[in-house]
Amino acid sequence: MLLLFYVYTGGLLLPIPHQPILYETARNLYFHVPLWFAMILLLVLSVWYAIKYLRKGAIDDDIQSVELANTGLIFGILGFITGAIWGNYTWGSPLPQDPKLLSTEIAMLIYLAYWVLRGSFRDEQQRARISAVYNIFAFAAFIPLTIILPRLASNSLHPGNGSNPGFKIYDSDHKMKLVFYPAVIGMILLGYWISSLRIRYRRLNEIVENK
């Protein structure tokens, strides 16, 4: 919490390089990008526990997998929203027809289907087994859609994709790193903490239901 307090205070008050078009909107780097870093790590952990469940069949692995995926998806949605707000100021539209955004929308829809899939099965073991397999394939599609394919596009507006340079060239004096790196660490820790609370809650529910 102290780390995030520093990030949000520094992110709003500390000076940043002033660049054409970006201006003060560049502060969104402290919020939009760390949310996606945290999301990717949470989804990686979710897939890890999905694989563990398929190998051992322990229901606790399924609980950890689904709650990590749930939190990761929430962070992804927040990252998408902050990106849309940023794009509205810098590109003139929150959702332009951009390869990066289009592929990200597809990837998010694939993960939203994960929620729908889990709700369509009543048998616990069947739900856990099928959703674990879907989780693995969803992540296998997510990485190419959000990271690899947009970099191959030549007309992407998003920094770091196609012919558009990465954001680091705008931070020539490296002042933003003093907030950006703590923001990434803080957001990852926040996501893992929220996931751990949800996992503990689900475990308690399992104990109560099995009595």
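The notes below deal with the structure included here. All residue numbers refer to position in the chain's written sequence, counted from 1. For this predicted model, a pLDDT threshold of at least 70 governs which residues receive local features, and a threshold of 80 or more governs which side-chain atom pairs are given and counted, while totals over whole chains, interfaces and linings are taken from all residues. Side-chain calculation: all heavy atoms of the structure are included, whereas hydrogens and water are not.

## Observations regarding the packing of helix H3 (residues 59-90) against helix H6 (residues 177-209)
Here's step 1: H6 packs onto H3 with a crossing angle of 140° between their chain directions and a minimal axis gap of 9 Å. By the angle between their axes, H3 is oblique relative to H6. In terms of crossing hand, the pair formed by H3 and H6 is right-handed. Taken together, the residues of H6 that come into contact with H3 (itself represented by Asp 60, Ile 63, Gln 64, Val 66, Glu 67, Leu 68, Asn 70, Thr 71 and Phe 75) are Met 187, Leu 190, Gly 191, Ile 194, Ser 195, Arg 198, Ile 199, Arg 202, Arg 203 and Glu 206. Angles here are taken between N-to-C directions and fall from 0 to 180 degrees, while the axes themselves are lines fitted to C-alpha atoms, restricted in helices to the stretch in contact. Counting from the N terminus, the helices are DSSP H or I runs at least four residues long and the strands are E runs at least two residues long. Working definition: roughly parallel below 35 degrees, roughly antiparallel above 145 degrees, roughly perpendicular at 65 to 115 degrees, and oblique for all remaining angles. Take the far helix as your reference; a near helix turned counterclockwise from it by less than a right angle gives a left-handed crossing, and one turned clockwise gives a right-handed crossing. We call two residues contacting when some pair of their heavy atoms lies within 4.5 Å.

## A look at the packing of helix H2 (residues 29-56) against H3
Here's step 1: At their nearest, the axes of H2 and H3 sit 7 Å apart, and the two run at 160° to each other. Our classification of the angle between H2 and H3 gives roughly antiparallel. The chirality of how H2 crosses H3 is left-handed.
Here's step 2: Gly counts as polar in this scheme, as do all residues outside two lists: the nonpolar Ala, Val, Leu, Ile, Met, Phe, Trp, Tyr, Cys and Pro, and the charged Asp, Glu, Lys and Arg. Residue classes in the contact of H2 with H3 are distributed as 18 nonpolar, ten polar and three charged.

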